[in-house]
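Structure at a glance
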Amino acid sequence: MVEQDEEQGEQELTRWAWVEIDTQALRHNVKEAKRLIGPRCQLMAVVKADAYGHGAVETARVVLDEGAKRLAVATVDEGIELRRAGITAPILILAEPPVSTVKLLVDYNLTPTVDTTEFAIALGDAADAQGKVADYHLGINTGMNRIGILPSQIIEFLRAIDFHRGIHLEGVFTHYATADEPDEWDFRQQLERFQGSVQAIREAGFDPGIVHSANSAAIIRYPEAHFDMARLGISLYGLHPSSMTWGMADLQPVMSVKARATFVKTPMVGEGVSYGLHYRTPGGRQIVTLPLGYADGMRRELSGRCQVLIGGKRCNQVGNICMDQMMVEVVPSASLLNPVDPVEYGDEAVIVGRQGDEQITLDELADKLGTITHEVAIGFGHRMRRIYV
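Read on for a plain summary of the structure. (Residues numbered from 1 in each chain as written. Predicted model: local features only at pLDDT ≥ 70, side-chain atom pairs only at ≥ 80, totals over all residues. Heavy atoms only, no water.)

1. Some remarks on the overall build of the protein
Broken down by element type, the protein carries 11 helices and 20 strands. Along the first, second and third principal axes, the C-alpha atoms of the protein reach 80 × 45 × 40 Å. Taking all 389 residues of the protein together, 53% fall into the buried category. Put simply, of all contacts in the protein between residues at least 6 apart along the chain, 67% involve residues at least 24 apart. With an accessible surface of roughly 17,600 Å², the protein has 49% of that area assigned to carbon and sulfur atoms. Computed over 37 positive and 52 negative side-chain charges, the inter-centroid distance for the protein is 1 Å. (Helix = DSSP H or I, 4+ residues; strand = E, 2+ residues; numbered from the N terminus. Buried < 20%, exposed > 50% of the residue type's maximum accessible area, 1.4 Å probe, protein only. Contact = heavy atoms within 4.5 Å. Areas by Shrake-Rupley, 256 points an atom, 1.4 Å probe, with all protein chains shown as cover. Lys, Arg positive; Asp, Glu negative; His and termini not counted. Charge placed at Lys NZ, Arg CZ, Asp CG, Glu CD.)

2. A look at the nonpolar core
L82, L123, L138, L290 and F380 are the most contacted members of the largest nonpolar core, which has 112 residues in total. Not counting chain neighbours up to four residues away, the residues in contact with F380 comprise V19, G53, M255, V257, D296, G297, M298, V352, L362 and L365. Ranked by size, the runner-up nonpolar core spans five residues in total, among them V273, I287, V318 and M327. (Core = buried A, V, L, I, M, F, W, Y, C linked by side-chain atoms within 4.5 Å.)

3. Description of the pattern of salt bridges
Using the criterion set out here, one finds 20 salt bridges in the structure. Note that R314 is salt-bridged to E364, the shortest N-O span being 3.0 Å. Of the two residues, R314 is situated in strand 16 (residues 313-318) and E364 in helix 10 (residues 362-369); the sequence distance between them amounts to 50 residues. Under the relative-accessibility criterion, E364 is labelled buried at 19%. Overlapping salt bridges bring together R15, D296, D324 and R383 as one network. (Salt bridge = Lys/Arg side-chain N within 4 Å of Asp/Glu carboxyl O.)

4. With respect to the environment of E301
If you trace the backbone, E301 turns up in the loop between strand 14 (286-290) and strand 15 (307-310). The class of E301 is partly exposed, set by a relative accessible area of 41%.

5. Quick look at the packing of helix 1 (residues 23-37) against helix 3 (residues 56-65)
As a packed pair, helix 1 and helix 3 sit with axes 9 Å apart at the nearest point and diverge in direction by 50°. Considering the angle they form, helix 1 stands oblique to helix 3. Between helix 1 and helix 3 lies a crossing of right-handed hand. Between helix 1 and helix 3, the residues in contact are T23, L26, R27 and V30 and T59, V62, V63 and D65, respectively. Here the residues of the contact of helix 1 with helix 3 are counted per class, giving four nonpolar, two polar and two charged. (Axes fitted to C-alpha atoms, helices over the stretch in contact; angles between N-to-C directions. Parallel < 35°, antiparallel > 145°, perpendicular 65-115°, else oblique. Left-handed = near helix turned anticlockwise from the far one by under 90°. Nonpolar A, V, L, I, M, F, W, Y, C, P; charged D, E, K, R; others polar.)

6. Here's the deal with the pairing of strand 17 (residues 326-330)
Burial runs high along strand 17: five of the five residues are buried. The alternating pattern of strand 17 places M326, V328 and V330 and M327 and E329 on opposite faces, both of which are buried. Two elements, strand 14 and strand 17, share five bridges in a ladder whose sense is antiparallel. For Q286, the partnering residue across the bridge sits in strand 17 and is V330. Looking at chain direction, strand 16 and strand 17 are connected through two bridges and run antiparallel. Among the inter-strand pairings, Q317 is bridged to a residue of strand 17, identified as V328. (Pairing = 2+ DSSP bridges.)

7. Overview of helix 1
Within an α-helix, residues lying three or four positions from one another point in the same direction, as the helix has 3.6 residues per turn. The terminal C-alpha atoms of helix 1, which comprises 15 residues, lie 21 Å apart, in line with the 21 Å expected from a rise of 1.5 Å per residue. Among the residues of helix 1, T23, A25, L26, R27, N29, V30, E32, A33 and I37 are the ones counted as buried. Where helix 1 is buried, its residues contact strand 1 (17-21), strand 2 (42-46), helix 3, helix 9 (216-221), strand 9 (229-232) and strand 20 (385-388). Between the side-chain oxygen at the start of helix 1 and the backbone nitrogen of Q24 there is a gap of 3.0 Å, and the oxygen is on D22. G38 lies just past helix 1 and shows a positive phi near 80°. (Expected span 1.5 Å × (residues − 1). Polar contact = N/O pair within 3.5 Å; in protein donor to acceptor, adjacent residues only side chain to side chain.)

Listed below in C-alpha cells is the structure:
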C-alpha cells in the first residue's frame, strides 16, 4: 500500500493547488490489463517521467502490490530513485544509457537496453569486476527507427559479445509506432519482423529470454503481440492511447487536478483581466483566481480556451494564464432551476476530474492543445503536492 505522509492531507497543503491520485482506479487498470493479457503473460508497468506525472515511487508500490511483475523507466536516475525508495522489483531502462553509467547500473541492479557492442562489453566488465552478471534486454529496430539493432545485424551482434561472462541476455523487445492507428499495415510489418528476429535468435542457438513488444495499444488491440510480457504505459493511468481503443478496455482515470479560490472579485464593466488585458468583463460576474499556472502544467496556449468546474458547473477560464495563477469567470444564473451560488474564498475548483455530474478530462485538454494526453499528464504535479486517495 502507498505510505501516507502525515502531512499529505489536503488540510496540510502549503499551496491551494494539488494533484489527486486515485489509487483504486490505478489498481483497477492493472487488473484490466492482466485480464487482457491473460495469466501466462507478465505485466511490466511503465513508470517513466515520474509515472506520467502520477508519482513514480507511490505508483510503483501500488502496481507491484496489484500484481505487476516488473517496472520500466527511461533513465538511470529514474531507476535509482525507485531503488533508493526500497523497491526491489526488476527495473528495465527502456533505452541504452551513456556508457559512463555502467557501474551505477550494476550497483543498483538496473537492467539496461543494449544495442551497441561497446556498451555491452563495458557493462560486462563493470559487472565482472564486482563478481556479478548483469542482465540486459536487446532492443530490436523493426521499423520505428528510434533505438535498437536492425534484424539483419542481431546474430552478428550476439556473437560479438557472447564471450563475456559478465552479461546475460534476459530479454528482447521492440516498440510499435502505429499500434494505435487505424491502418494496420505498418504494425503488421513490425510484428512480422519481430517474430522473424526472435526465431532467428533461437535458430542461431541463443535464448532470447523474455520476449515483449506490446504497448498499451497493442495490449488492448492485438493479443498476438503479447508474447511473454506486455508493457503497460498510458493505459495504466486510465487513459486510452487513441480513439481506436475506446470501448475495448474498461479504464478509469487516475489523475485529478484541483485548486481552491485564493481571491474573488466582481470587476466593473470593461475592466480587464490578466496580462495584456485582452479579456474585459461585461460586468456582474465574479472573477476567481486559482493558484496554478503554466509553471504547473496549465499551458498558456489554453488561455481563454478551457473551462474548470466550480460548484459542479463549467466556468470559462478568462485572460492569459500566468506562470503561477489563472482566472476563471463565474456567471450567475437567473434560472431558479440551475442556480449558481456565489464563489467564496477557499471554494474548490476542478481543473481535471469530476465534480457533481460534470467532468473535465485530460483528453479534452489535449484536444484543445492539439497534442496527446501523455504530454498533458506529465506537465502537472511538478510543484503541486500529490495526494493519494
